[in-house]
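Below are the chains, spelled out letter by letter.
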Amino acid sequence: MSANRRFRNIVRIGPVQVATAYDARGREKHTAACTAPRCGFSADYDSRAAAELAARTHRCPVR
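Residues numbered from 1 in each chain as written. Predicted model: local features only at pLDDT ≥ 70, side-chain atom pairs only at ≥ 80, totals over all residues. Heavy atoms only, no water.

1. Considerations on the environment of Tyr-45
Piece 1. Note that Tyr-45 resides in strand E4 (residues 42-45).
Piece 2. In sequence terms Tyr-45 and Thr-31 are 14 residues apart; their C-alpha atoms lie 6.2 Å from each other.
Piece 3. If sequence neighbours within four positions are ignored, Tyr-45 has contacts with Lys-29, His-30, Ala-32, Ala-50, Ala-51 and Ala-54. (Helix = DSSP H or I, 4+ residues; strand = E, 2+ residues; numbered from the N terminus. Contact = heavy atoms within 4.5 Å.)

Here it is in structure tokens:
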């Protein structure tokens, strides 16, 4: 099932973008996703602080 999300409050921390959206059940979720080629890191969090912490501590395995 694909999720069609409307992201808002997008911030870029290094190669990682952090954004806020509502999930399929109407709950607010915060997503951190790496934009580096072949990295593939992305995760959903319940709090904005957790998503930003993940973005700050993320290290891409691909160099």
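2. Thoughts on the nonpolar core
Piece 1. In terms of nonpolar packing, the biggest core is built from 9 residues, these being Ile-13, Val-16, Val-18, Ala-32, Cys-34, Cys-39, Ala-51, Ala-55 and Cys-60.
Piece 2. For this core, the secondary structure elements donating two or more residues are strand E2 (16-22), strand E3 (28-34) and helix H1 (48-57).
Piece 3. Once residues lying within four places of it in the same chain are set aside, the contact partners of Cys-39 are Cys-34, His-58, Cys-60 and Pro-61. (Core = buried A, V, L, I, M, F, W, Y, C linked by side-chain atoms within 4.5 Å. Buried < 20%, exposed > 50% of the residue type's maximum accessible area, 1.4 Å probe, protein only.)

3. A short note on the sheet that holds strand E1 (residues 8-13)
Piece 1. Spatially, E1-E2-E3-E4 is the arrangement adopted by the 4 strands of the open sheet, whose pairing is antiparallel. Of all strands in the sheet, those bounded by a partner on one side alone are E1 and E4. The average undirected angle you get between the axes of adjacent strands in this sheet is 20°.
Piece 2. As defined by bridge partners, E1 adjoins E2 across 4 bridges and the pair is classed as antiparallel. Pairing of Ile-13 across the sheet is with Val-16, part of E2.
Piece 3. Contacts between H1 and the sheet are confined to E1, E2, E3 and E4, with E2 contributing the most and set at about 160° to the helix. (Pairing = 2+ DSSP bridges. Axes fitted to C-alpha atoms, helices over the stretch in contact; angles between N-to-C directions.)

4. Considering unusual backbone geometry
Piece 1. Its identity is not glycine, yet Asn-9 carries a phi of approximately 55°, on the positive side.
Piece 2. Its identity is not glycine, yet Arg-38 carries a phi of approximately 65°, on the positive side.
Piece 3. Its location among the elements puts Arg-38 in the loop between E3 and E4.

Limitation: the analysis is restricted to geometry and does not speak to function.
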